[in-house]
Amino acid sequence: MLINALLQALREIRRNLMRSMLTAIGIVIGIASVIAMVNIGKGASQSITQSISKLGSTTLYITPGQQRGPGNQSAVSIPFKLKDVAVLKDSLFALRAISAVEGSTMTALYQDQNYQTSVKGVDNDYFIAQNLEFKSGREFTKNELRTGLGSCIIGQTVLDKLFLDGESPIGKKIRVEKFSCEVIGVLSPKGANTFGMDQDDIILVPLKMFLRRISGNDNIHLIMASVKENIPLEEATLQIQQLIRERRHLKPDEEDNFSVRSMSALLDTIGKITSMLTTMLGAVAAISLVVGGIGIMNIMLVSVTERTREIGIRMAIGAMPQDILIQFLIEAVVLSGLGGIIGVILGISITYLVSVTMDIALIIDPSITVIALVFSMLIGIVFGIIPARKASNMNPIDALRYE
Amino acid sequence: MIELQNVSKVYGMEEASSTVLKNINLTINKGEFVAIMGPSGSGKSTLLNILGTLDVPTSGTYTFADTSISALSKEQRSLFRRYVLGFIFQGFNLLKKTSALENVEMPLVYLGIKSKERKQRAYDALISVGLEGRTEYEPSQLSGGQQQRVAIARAMVSRPKVLIADEPTGNLDTKRSHEIMQIIKGFNAEGITVIMVTHEDEVAAYASRVIHVRDGMIEREISYAH
Ligand SMILES: Nc1ncnc2c1ncn2[C@@H]1O[C@H](COP(=O)(O)OP(=O)(O)OP(=O)(O)O)[C@@H](O)[C@H]1O
Ligand SMILES: [Mg+2]
């Protein structure tokens, strides 16, 4: 009986193919957007998460001043001193690596080539904290770090811009505005980070040299601290906060005038934003599904009226009201279900295209696919029930007499 | 087998009401061939629809083989039609854009008969009314006489006990009318009770009893011994 009703429904849909397709379009669009949004949302947040964890999710960023929100820096922002870094390094067992980072944008010169890049003064711990590896050469020696001798390590982009004929840069002298330095190492390429910044567009110099030649003082605006694997980030954060508060003689009722943040906090924020976006877009899609459902109800009502005579004939021949109910209900479900199937195919295609063109991880969530299909059929039931009841409640004789 | 007692049918309410059937008392025995005749608007179709349980009387009782049909629910009446009755309507009332075979299959679908047997029985029924080679045609591709044959095949395919026919030859010429009546007569000869409305004497002549209706009342009955 159910199989017959199903075949009957398919036949009926084929009979009015154009109308059926137009009717199902609302469902197709609704389901396609749900599928595409959820999958793309998941892919995007996975991509972001991956590239953030590449940055080192165990790294803490210690900055002076308290960030209360975008553009709401607290009035007092006292920079750190070299001594602060030394104390943190010596006192905190929880840290694997710690390095002050001071940076500025400057023009580098080699022979006829000049190139503007980001120059950073760092310690060797910076390579650990940032997961940097060497393509060739070495890190700074103790001596270089202590005396602030003129040596530097360059990224792939800088290498490509300055050393055109593929010669080895190791041992060559480059000039960076006020000072010159000898290239002692080249970093392995890392590509762009999550925010689209080229991480290979960089020249690293010993921190002491940077402070002496560029800054002219020992003010420090960023300290990167990498926490040991087995120690919780919150724990290390707390230790750092206490130590700096002590050093700054902050009273218990005073707020921190510095901040300690991790990338995983940023990750949480991004996660919240993407899930909020997904929910919002999902709601929009849900509305379009309801609109699609109403479209189906409308067409089914028209169809019931058009087929009043057929209903009368079927009842005369022995169809029970529930047979008629099931027939029209199945027709609505098949209509919306077909819309759902087409929508799923369309949604997956959109997901695929977007993930390829925008370089986002391709995630096709099987559960949302199943949910979407079930939901589309549910729409058929919910919006098909009124027309189906109307059909099944007809009186055989009135239905037969209907012109 | 079929018994109507004091059956009346009133359409509308209060002053606007019209009494279409007035205290009809009628008994039809198993295997009878009854023709109902009368002027247009006299209530023939209304009477037939009540006998066919498509319509319900305003008052009076309808008994079929000791079962009170008046007491049946809508669902039970559907089942009664499904298992006991076969219908030929005043218009042919075939499903549009549906092949002759599928039209004839329909009662068997509701009887829950499997596809293969269903197709075979529908095909056989169409052959028995002389429609070989036309089983895949849709109603719009068939002549009036052929459409009526499809309707007969559909009425008979479920092997009903009673055939209810409202002007089965209404839109046909004399030659076609006789062909159709021969088929119906054949079914009656197999023991099926036939109740038929007609306004043609030649068609009524196939019946064993003719009931004349006028203004919603049975005017007279004439029985013929065949
Ligand atoms: N649904 C209805 N509402 C009101 N009046 C109706 C309804 N159905 C039928 N009638 C009236 O009942 C009367 C009998 O109708 P019926 O169809 O039984 O006539 P008939 O004898 O079959 O006529 P014909 O030979 O023209 O088919 C008519 O006067 C008709 O107007
Ligand atoms: Mg009539």
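This report concerns the structure included in the present document.

About the thresholds
- Residues numbered from 1 in each chain as written.
- Chains lettered and ligands numbered in written order.
- Predicted model: local features only at pLDDT ≥ 70, side-chain atom pairs only at ≥ 80, totals over all residues.
- Heavy atoms only, no water.
- Near = heavy atom within 4 Å.
- Areas by Shrake-Rupley, 256 points an atom, 1.4 Å probe, with all protein chains shown as cover.
- Helix = DSSP H or I, 4+ residues; strand = E, 2+ residues; numbered from the N terminus.
- Contact = heavy atoms within 4.5 Å.
- Buried area = accessible area lost by both parts, 1.4 Å probe.
- Salt bridge = Lys/Arg side-chain N within 4 Å of Asp/Glu carboxyl O.
- Axes fitted to C-alpha atoms, helices over the stretch in contact; angles between N-to-C directions.
- Parallel < 35°, antiparallel > 145°, perpendicular 65-115°, else oblique.
- Left-handed = near helix turned anticlockwise from the far one by under 90°.
- Nonpolar A, V, L, I, M, F, W, Y, C, P; charged D, E, K, R; others polar.
- Disulfide = S-S within 2.5 Å.
- Buried < 20%, exposed > 50% of the residue type's maximum accessible area, 1.4 Å probe, protein only.
- Pairing = 2+ DSSP bridges.

Moving on, we come to the site of ligand 1. Near ligand 1, the surroundings consist of 13 residues, among which B:S40, B:G41, B:K44, B:S45 and B:T46 are the closest. Looking at the residues close to ligand 1, they fall on chains A and B. For ligand 1, the accessible surface in isolation is 640 Å², of which the surrounding protein chains cover 62%. Here the shell around ligand 1 gets 3 residues from one element, more than from any other, and that element is helix α1 (residues 44-51) of chain B.

Our focus in this paragraph is the interface of chain B and chain A. In this assembly, 25 residues from chain B lie in contact with 26 residues from chain A. In this assembly, chain B packs against chain A so that about 2300 Å² is buried in total across both faces, 56% of it on carbon and sulfur atoms. Of all residues in chain B, B:L54, B:K74 and B:Y110 give up the largest surface area on contact with chain A, accounting jointly for 26% of the area buried on that side. Here chain B and chain A share 2 salt bridges between them. Between B:R82 and A:D323 there is a salt bridge, with its nearest N and O atoms 2.7 Å apart.

With that settled, consider the packing of helix α10 (residues 308-317) of chain A against helix α3 (residues 100-110) of chain B. A pair of packed helices can be characterised by two numbers: the angle between their axes and the separation between those axes. One can describe the packing of α10(A) onto α3(B) by two numbers: an axis separation of 9 Å at closest approach and a directional angle of 55°. Judged by the inter-axis angle, α10(A) sits oblique to α3(B). The handedness of the crossing between α10(A) and α3(B) comes out as right-handed. Taken together, the residues of α3(B) that come into contact with α10(A) (itself represented by A:I313, A:R314 and A:I317) are B:M106, B:P107 and B:Y110. For the contact of α10(A) with α3(B), the per-class residue count stands at 5 nonpolar, no polar and 1 charged.

Residues and elements named next belong to chain A. Taken as a whole and judged by the stated rule, the model has 1 disulfide over all chains. One disulfide bridge connects C152 with C181, the sulfur atoms lying 2.3 Å from each other. The sign of the 80° torsion about the S-S bond sets the C152-C181 disulfide as right-handed. Placement of the pair is C152 in strand β6 (residues 151-154) and C181 in strand β8 (residues 179-187), with a sequence separation of 29 residues. In terms of burial, C152 and C181 fall into one category: buried.

Here we come to the sheet that holds strand β7 (residues 162-166) of chain B. Residue and element names in this part refer to chain B. Taken in spatial order, the 6 strands make up an open sheet running β6-β7-β8-β3-β9-β10, and their pairing is mixed. Two strands in the sheet have a free side with no partner beyond their single neighbour: β6 (85-88) and β10 (217-223). Averaged over all neighbouring strand pairs, the angle between strand axes comes to 15°, with direction disregarded. Note that β6 and β7 share 4 bridges and pair parallel. Bridged to L85 within β7 is V162. Where α1 meets the sheet, it contacts β3 (33-37), β6, β7, β8 (193-197) and β9 (209-214), and its direction lies at approximately 155° from that of β7.

Further remarks concern the sheet that holds strand β5 (residues 67-68) of chain B. Residue and element names in this part refer to chain B. Strand order in the open sheet made by the 4 strands is β2-β1-β4-β5, with antiparallel pairing throughout. Strand pairing shows two members of the sheet lacking a second neighbour, β2 (18-28) and β5, which therefore form its edges. Alignment of strand β4 (residues 59-64) against β5, held across 2 bridges, turns out to be antiparallel. Counterpart to F64 in the pairing with β5 is T67. Its contacts with the sheet put α1 on β1 (2-11), β2 and β4, and the angle it makes with β1 is roughly 125°.

In the structure shown here, the tally under the stated rule is 25 salt bridges over all chains. A salt bridge links B:E102 to A:R11; the shortest N-O distance between them is 3.7 Å. Within this pair, whereas B:E102 is found in helix α3, its partner A:R11 is found in helix α1 (residues 2-15), the two belonging to separate chains. Here B:R209 ties to B:E221 by a salt bridge, and the two come within 2.6 Å at their closest N and O atoms. Taken together, the residues span a long stretch of sequence, with B:R209 in strand β9 and B:E221 in strand β10 at a distance of 12 residues. Within this structure, A:E12, A:R15, A:R307, A:E310, A:R314 and A:E331 form a network of salt bridges that share partners.

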